[in-house]
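Next come the chains, spelled out residue by residue.
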Amino acid sequence: MEFKLEAHRIVSISLGKIYSARGQRGGLKLHKNLLVSLVLRSARQVYLSEPGCPPEPPPAAAGHPEEEPPPCPAAWAAEEPPPPPPQDEAGRDCQGPRPRRCCCGENRGGCAGAPPPPHCPRKRSAGERGQAGSPVKKPRREEEEPPPLPPPPPPSPPGEQEDMETGNVASLISIFGSSFSGLLSKEPKGRRRPPLDGGEAAAGTAPAEAAAEPGQICCDEPVLRTLNPWSTAIVAF
Amino acid sequence: MAGAGGGNDIQWCFSQVKGAVDDDVAEADIISTVEFNHSGELLATGDKGGRVVIFQQEQENKTQSHSRGEYNVYSTFQSHEPEFDYLKSLEIEEKINKIRWLPQKNAAQFLLSTNDKTIKLWKISERDKRPEGYNLKEEDGRYRDPTTVTTLRVPVFRPMDLMVEASPRRIFANAHTYHINSISINSDYETYLSADDLRINLWHLEITDRSFNIVDIKPANMEELTEVITAAEFHPNSCSTFVYSSSKGTIRLCDMRASALCDRHSKLFEEPEDPSNRSFFSEIISSISDVKFSHSGRYMMTRDYLSVKIWDLNMENRPVETYQVHEYLRSKLCSLYENDCIFDKFECCWNGSDSIVMTGSYNNFFRMFDRNSKRDITLEASRENNKPRTVLKPRKVCASGKRKKDEISVDSLDFNKKILHTAWHPKENIIAVATTNNLYIFQDKMN
């Protein structure tokens, strides 16, 4: 249990670092961000693999896939099982041979993307537009080839969002940790509007969003059974 | 263990300290690199503000036989300015990442300095004479009316106050997409390498409009990126051999004669990880922050977060010596991760005879390891010991348990006071140790 607490803390610290790295002078530090992503992945593995995984999301979460926009229902279902034990995740992954990859691992345009996309349109209008300036663009520009942009998050009825949050957390972690690109392609919200390829997971932004209020993540009671810290962070952002 | 010091009991004494006394450190003054030239007469520092300051050692005073010459400011110049990459909307920091001296060929001195993107070759020359007695110009530069010239004279050189001028002779730009972490001059003194996170380029000192890419570890798909290049250096004697270290704790030795692109290493140096030390941060602390060949070329030294390792180039599967710099930090890795200290990149250096190695730590401590006697010492760079010829007192950190008198507990270490950059005079026992914004010079006690 202690490992899980520490893992949880490390995950939130790591997300905070990635988020704050975006505004750094001199551009994204590849080395440091790579190391942070490795720590994040290790912590995620511990977090997910230990018994007492994230608690069951409310049953409504299971109904999400159907309510998800059509483009990627099957994939979404794959990522949204109530408590997702890692082995099941691997089995049910929409990509099959590529466990833990976001449903948008390949170029699946229009895919729903990472868990919090439903939040994004709302959040985007709130905060991101103001961030459309250069600091937000830095991480993306650092790439030699532009990473494929995540698809635009489809708007979803507000009523669903609460339900989605809890189930989203485990997927958030699994999706985010699946590859380094999850970090590099963290698109500033303002850039996600035009989908070029559906390639990258919108998970890139998800951790950024979750990390937007790192203080909240860390300060809230770190009891993993309650997903309040996560959902609070996501909603607040 | 903690004795009077390494190698024949060197007694280190404070000699000088350079820099502001303020506790409030201006960011531009943070020292980012320190390097002696090949004779040791000149000592260069680079800072975050893009400036280079060169100190020159005074000629030894025959009457003052108890101390070697002091280092005084010789030249100061702005090497790099902040730039803006409009295409990528990125600011390019002016911080000097590395300085490397060229061997002296004539009266002038040459050094390479680099920031994240651009390398510059600087010529530092002295002027102590100036021509006087022009026919058509007044002394202040105004032109004379030719009709007023009635006699002609030959201008002569007259002595003037010494002026040291630095001028950029070459600018090597636009060859690196990622941040440059190392430059290293080849033993042929004609070429040099520059390394960024994913690529290493080979330059000729005379040619600025092109360079050869000799190592490229960028994966086709950036998603598959697992390691980056952290440091690179040419072998001191073999002009076709160089090494580069990685964030995974490996060192690759490459031979440029094998192929144009040295993606396949000739040797891979790697020590298997100790499974009992595995933690979330194992990967971070195994990342190598510096690699330095010994002067002999037989060994190389690597610095990772907690230790210094000496490798024999003939043995790839493990280092021949390992020295723990601050093992007491192993249980604090989570906090050090939180406050970003775990990402600090410590450098290391050899003494002139390759018998002692030195590296920095926190709380303005620095450590020396004597390879022969296996003794080590911890010293502190602090203005409190600032009487010249005061012998430095060895320091000790108490890892746990009862703290003895004069020991410092791990929890009271100041992690904002870090010594990342140190340099050892190539011939003498003179060391330069950089704290955040001060440069300390220590010498051994001469009797």
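Residues numbered from 1 in each chain as written. Chains lettered and ligands numbered in written order. Predicted model: local features only at pLDDT ≥ 70, side-chain atom pairs only at ≥ 80, totals over all residues. Heavy atoms only, no water.

By the naming in an unreviewed UniProt entry, chain B is Serine/threonine-protein phosphatase 2A 55 kDa regulatory subunit B, taken from Catharus ustulatus. UniProt, in its Sequence similarities (unreviewed entry) section for chain B, records the words "Belongs to the phosphatase 2A regulatory subunit B family." (UniProt positions renumbered as here; feature names shortened; annotations may be inferred.)

Q: Explain the overall build of chain A to me, please; I cannot follow it from the model alone.
A: Scanning chain A from terminus to terminus reveals 13 helices and 0 strands. What you see in chain A, going N to C, is helices and strands ordered as α-α-α-α-α-α-α-α-α-α-α-α-α. When the 237 residues of chain A are sorted by exposure, 57% land in the buried category. Across chain A, every contact between residues at least 6 apart in sequence was considered, and the portion connecting residues at least 24 apart equals 77%. In the structure as shown, chain A presents an accessible area of about 8500 Å², 57% of it carried by carbon and sulfur atoms. (Helix = DSSP H or I, 4+ residues; strand = E, 2+ residues; numbered from the N terminus. Buried < 20%, exposed > 50% of the residue type's maximum accessible area, 1.4 Å probe, protein only. Contact = heavy atoms within 4.5 Å. Areas by Shrake-Rupley, 256 points an atom, 1.4 Å probe, with all protein chains shown as cover.)

Q: Before we go on, may I ask you to explain the layout of surface pockets in this structure?
A: Once rolled over the atoms, a probe with the size of a water molecule shows which space is left empty. Put simply, the largest pocket is a space of about 1500 Å³. Taken together, 46 residues make up the lining of the largest pocket; nearest its centre are Lys95, Phe343, Asp344, Lys345 and Leu420 of chain B. Those elements giving two or more residues to the lining of the largest pocket turn out to be α2 (30-49) of chain A together with β2 (31-36) and β16 (229-234) of chain B. Residue contributions to the lining of the largest pocket peak at 4 residues, all from α2 of chain A. (1 Å grid on protein atoms, 1.4 Å probe; cavity = no way out; pocket = protein on both sides within 12 Å on 5 of 7 lines; lining within 4 Å. Points joined across faces, edges and corners; volume = space filled by probe spheres on them.)

Q: Teacher, can you tell me more about the sheet that holds strand β26 (residues 365-370) of chain B here?
A: The strands that make up a sheet pair up through hydrogen bonds in the backbone, lying either parallel or antiparallel. All names here are of chain B. On the basis of which strands lie adjacent, the open sheet formed by 4 strands has the order β24-β25-β26-β27 and antiparallel pairing. In the strand order of this sheet, the two ends are held by β24 (348-350) and β27 (376-380), each with one partner. Each neighbouring strand pair of the sheet contributes to a mean axis angle of 20°, computed without reference to strand direction. Examined bridge by bridge, strand β25 (residues 356-360) and β26 share 5 bridges and lie antiparallel to one another. Looking at β26, one finds that Met358 is bridged to Met368. (Pairing = 2+ DSSP bridges. Axes fitted to C-alpha atoms, helices over the stretch in contact; angles between N-to-C directions.)

Q: Even after reading the chapter, I still don't get the side chain of Thr33 of chain B, so can you show me in this structure?
A: Within the secondary structure layout, Thr33 of chain B lies in strand β2. In contact with Thr33 of chain B, other than residues within four places in its own chain, are Ala44, Thr45, Gly46, Ile96, Asn97, Lys98, Ile99 and His421 of chain B.

Q: How should unusual backbone geometry be read in this particular structure?
A: Keep in mind that most residues, glycine aside, have a negative phi and that most peptide bonds are trans. Residues and elements named next belong to chain B. In this structure, Asn174 is a non-glycine residue whose phi angle is positive, near 65°. The residue Asn174 is located in the loop between β11 (156-172) and β12 (182-185) in this model. Phi angles above zero are rare outside glycine, and Tyr189 is one such case at about 60°. Take Tyr189: its relative accessible area is 43%, and that puts it in the partly exposed class.

Q: I would appreciate a short explanation of the interface of chain A and chain B in the present structure.
A: Across the boundary between the two partners, chain A contributes 36 residues, which contact 34 residues of chain B. Taken together, the two surfaces of chain A and chain B that pack against each other cover about 3400 Å², and 57% of this comes from carbon and sulfur. Counting across the interface, chain A meets chain B through 7 salt bridges. Put simply, Lys29 of chain A and Glu93 of chain B hold a salt bridge, and the shortest N to O gap is 3.7 Å. Among the elements of the structure, α1 (2-21), α2, α8 (134-142) and α10 (181-184) of chain A are those that each provide at least two residues to the side of chain A that touches chain B. With 11 residues, the single largest contributor to the side of chain A that touches chain B is α2 of chain A. Partitioned by chemical class, the residues of the side of chain A that touches chain B number 14 nonpolar, 8 polar and 14 charged. (Buried area = accessible area lost by both parts, 1.4 Å probe. Salt bridge = Lys/Arg side-chain N within 4 Å of Asp/Glu carboxyl O. Nonpolar A, V, L, I, M, F, W, Y, C, P; charged D, E, K, R; others polar.)

Q: Honestly, α1 of chain A in this entry has me stumped. Any pointers?
A: An α-helical segment advances 3.6 residues per turn. Residues three or four places apart therefore align on the same side. For α1 of chain A, spanning 20 residues, the distance from its first C-alpha to its last is 28 Å, which sits close to the expected 28 Å at 1.5 Å a residue. When you tally the buried positions in α1 of chain A, you get 14 out of 20 residues, the bulk of the element. (Expected span 1.5 Å × (residues − 1).)

Q: Looking at this structure, I do not really get the pairing of strand β32 (residues 439-444) of chain B. What am I missing?
A: Regular strands place their side chains on alternate faces of the sheet. Residue and element names in this part refer to chain B. Of all 6 residues in β32, 6 are buried, a share of seventy percent or more. Both faces of β32 are covered, namely the face carrying Leu439, Ile441 and Gln443 and the face carrying Tyr440, Phe442 and Asp444. Alignment of strand β1 (residues 12-18) against β32, held across 6 bridges, turns out to be antiparallel. Bridge pairing in β32 links Trp12 to Asp444. In this structure, strand β31 (residues 430-434) lies alongside β32, joined through 5 bridges in antiparallel fashion. Counterpart to Ile431 in the pairing with β32 is Phe442. Count of turn residues in the β31/β32 antiparallel hairpin: 4 residues.

Q: Even after reading the chapter, I still don't get the pattern of salt bridges, so can you show me in this structure?
A: Where charged atoms of side chains with opposite charge meet at close range, the side chains can pair. Residue and element names in this part refer to chain B. Tallied over the full model, the rule gives 36 salt bridges over all chains. The residue Glu206 makes a salt bridge to Arg170 at a minimum N-O spacing of 2.5 Å. Here the residue Glu206 occupies a position in the loop between β14 (199-204) and β15 (207-216), and Arg170 occupies one in strand β11, the gap between them amounting to 36 residues. For Arg170, a relative accessible area of 22% corresponds to the partly exposed category.

Q: It is not clear to me how the nonpolar core should be interpreted in this structure. Could you clarify?
A: Within the largest apolar cluster, 45 residues are counted, with the highest numbers of intra-cluster contacts made by Phe281, Tyr305, Leu329, Tyr337 and Ile342 of chain B. Only α1 and α2 of chain A together with α1 (282-286) and α2 (333-338) of chain B provide two or more residues apiece to this core. With 10 residues, α2 of chain A is the single largest residue contributor to this core. Excluding its chain neighbours within four sequence positions, the residues that come into contact with Tyr337 of chain B are Ile10, Ile13, Ser14, Lys17, Val36 and Val39 of chain A together with Phe281, Ile284, Ile342 and Phe343 of chain B. Counting residues in each nonpolar core, the second largest holds 18 residues, with Trp12, Leu379, Ala381 and Phe442 of chain B among its members. (Core = buried A, V, L, I, M, F, W, Y, C linked by side-chain atoms within 4.5 Å.)

Q: Would you mind going over the sheet that holds strand β13 (residues 191-195) of chain B with me for this structure?
A: All names here are of chain B. The strand order across the open sheet formed by 4 strands is β12-β13-β14-β15, and the pairing between neighbours is antiparallel. Of all strands in the sheet, those bounded by a partner on one side alone are β12 and β15. Along the sheet, successive strands turn relative to each other by an average axial angle of 25°, direction set aside. In the sheet, β13 pairs with β14 via 5 bridges, with the strands oriented antiparallel. Paired with Leu193 across the bridge in β14 is Leu202.

Q: Looking at this model, I keep getting lost on the packing of aromatic side chains. Mind explaining?
A: Both the distance between ring centres and the angle between the ring planes are used here to describe each pair of aromatic rings. Residue and element names in this part refer to chain B. For the structure shown, the criterion picks out 21 aromatic pairs over all chains. With a centroid separation of 5.2 Å and 75° between ring planes, the pair formed by Phe172 and Tyr192 is classed as edge-to-face. Of this pair, Phe172 sits in strand β11 while Tyr192 sits in strand β13; the two residues are 20 residues apart in sequence, bridging distant segments of the chain. Looking at Phe172, the relative accessible area reads 1%, which means it is buried. For Tyr192, a relative accessible area of 0% gives the class buried. Centroid distance Phe280 to Phe281: 6.3 Å. Interplanar angle 75°. Geometry classified as edge-to-face. Each member of the pair Phe280 and Phe281 is classed as buried. An aromatic cluster is present here, built from Phe14, Phe366, Tyr440 and Phe442 joined pairwise through their rings. The ring of Tyr134 has Lys137 sitting right over it, with the charged end atom 4.9 Å from the ring centre. (Phe/Tyr/Trp six-rings, centres within 6.5 Å; stacked < 30°, edge-to-face > 60°. Lys NZ or Arg CZ within 6 Å of the ring centre and 35° of its normal.)

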